[in-house]
Amino acid sequence: MTDEATGQGAGVRPDPDLVLPPPVPVGPHSTAGVAVLAHLRQHVGALLRADAGLDDDLEEAVHQARVSARRLRSGLKVYGDLLQGGTSTRLRAELGWYAGLLSPSRDLEVFGGLLTSLAADSGTTRPVEYDAATDFEALAGAVVPWLQARRAGSHAAALVDVRSARASALRRDLVRTAREPLFTAKARKPAHKVLAPRVLEADRRAAARFESLDERTPADSWHLARIAAKRARYAAEVGIGPLGRPAQELARLWIDVTEPLGAAQDAVVQRELVLARIADPAAPLSAGEAFTCGMFVASTHDRELVAQTEARDGWAASRRRHRDLRRSLGG
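Residues numbered from 1 in each chain as written. Predicted model: local features only at pLDDT ≥ 70, side-chain atom pairs only at ≥ 80, totals over all residues. Heavy atoms only, no water.

Per an unreviewed UniProt entry, the protein goes by CHAD domain-containing protein and derives from Longivirga aurantiaca.

In structure tokens:
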């Protein structure tokens, strides 16, 4: 068993500086301060639990730590001006640093697991987006051991910083803020009046990004659209307690719209990793392995384009629903 607030083992005496108060209920009549407090406690607690599993490299610990950090950063972007003394700016910068420490090992972990799974299913059913001619057993043999070695080194390097004085200060700062945040006077206003315009602004920015996408849009702009959409999703999630179903459905809409862009970004990451594998002089490939890797790299371009088209079509199909949800929130 683990402690719900700290993620430490049930028999381990918790660090008093990392213990959170109980969760805070939020409803349609809550103040903005209560809604912010609830969001902070929920996601600071989730980050602490995931962080506690990093030393033993527990399954999903890296992923959950990164997700919690991103949700906290997005929330602080939405309601940060309700906190006094530059708290939001300070925490967002440090959370960005923390999440960045874990990104390389997560990318390597995900791709290694995917190739292992595809190789195990070789000759049977495979995801339709992958070229049926790809020899995933050969590809996995050439790439997975390299990914695993890189991932082990990346994770070990990240742990040095995750257990540094800087990261320790971040954890304590997060807990202090989630215990008793110092609010401005605006936090005493009704949550639905304070948060709705902020949710709508994050949503407007994401929608503008999507409206600008077409077949000539460079890859970087697609990635920026995905980031904006995830921020809109997280902003909507902050507002679910006081704003209810419209905010919940808006978050769901952005999940659906951005799912194909996640596949497009996966293709980009996979391409870069396999190209790095091909170019590694410390682990030369045979001619056959190099050919297999090259064929996979070529296939990533097709998958990226297909996913982008799917995302653009999905946005077009969701416009009416999106407009209706904005109206429900006062936009």
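Each helix and strand in the protein was counted, giving 10 helices and zero strands. Mapped in sequence order, the helices and strands of the protein form the string α-α-α-α-α-α-α-α-α-α. By the compact-globule yardstick of 20 Å for 331 residues, the protein fits well, its C-alpha radius of gyration being 22 Å. Across its three principal axes, the protein shows a C-alpha extent of roughly 65 × 55 × 30 Å. For the protein, the proportion of its 331 residues judged to be buried stands at 47%. The contacts of the protein with a sequence gap of at least 6 include a subset with a gap of at least 24, amounting to 76%. Of the side chains in the protein, 45 bear a positive and 41 a negative charge, and the two mean positions are spaced by 10 Å. (Helix = DSSP H or I, 4+ residues; strand = E, 2+ residues; numbered from the N terminus. Rg over C-alpha atoms; globule rule 2.2 N^0.38 Å. Buried < 20%, exposed > 50% of the residue type's maximum accessible area, 1.4 Å probe, protein only. Contact = heavy atoms within 4.5 Å. Lys, Arg positive; Asp, Glu negative; His and termini not counted. Charge placed at Lys NZ, Arg CZ, Asp CG, Glu CD.)

Grouped together as the largest cluster of nonpolar side chains are 39 residues, with contacts concentrated most on V44, L54, Y79, L95, Y98, L102 and L174. Contributions of two or more residues to this core are made by helix 1 (32–52), helix 2 (61–79), helix 3 (87–120), helix 4 (136–162), helix 5 (165–179) and helix 6 (191–211). Per-element tally for this core: the top contributor is helix 1, with eight residues. When sequence neighbours within four positions are dropped, the list of residues in contact with V44 reads L20, L72, L174, V175 and A178. Membership of the second largest hydrophobic core comes to 25 residues, among which are A206, F210, W315 and L329. (Core = buried A, V, L, I, M, F, W, Y, C linked by side-chain atoms within 4.5 Å.)

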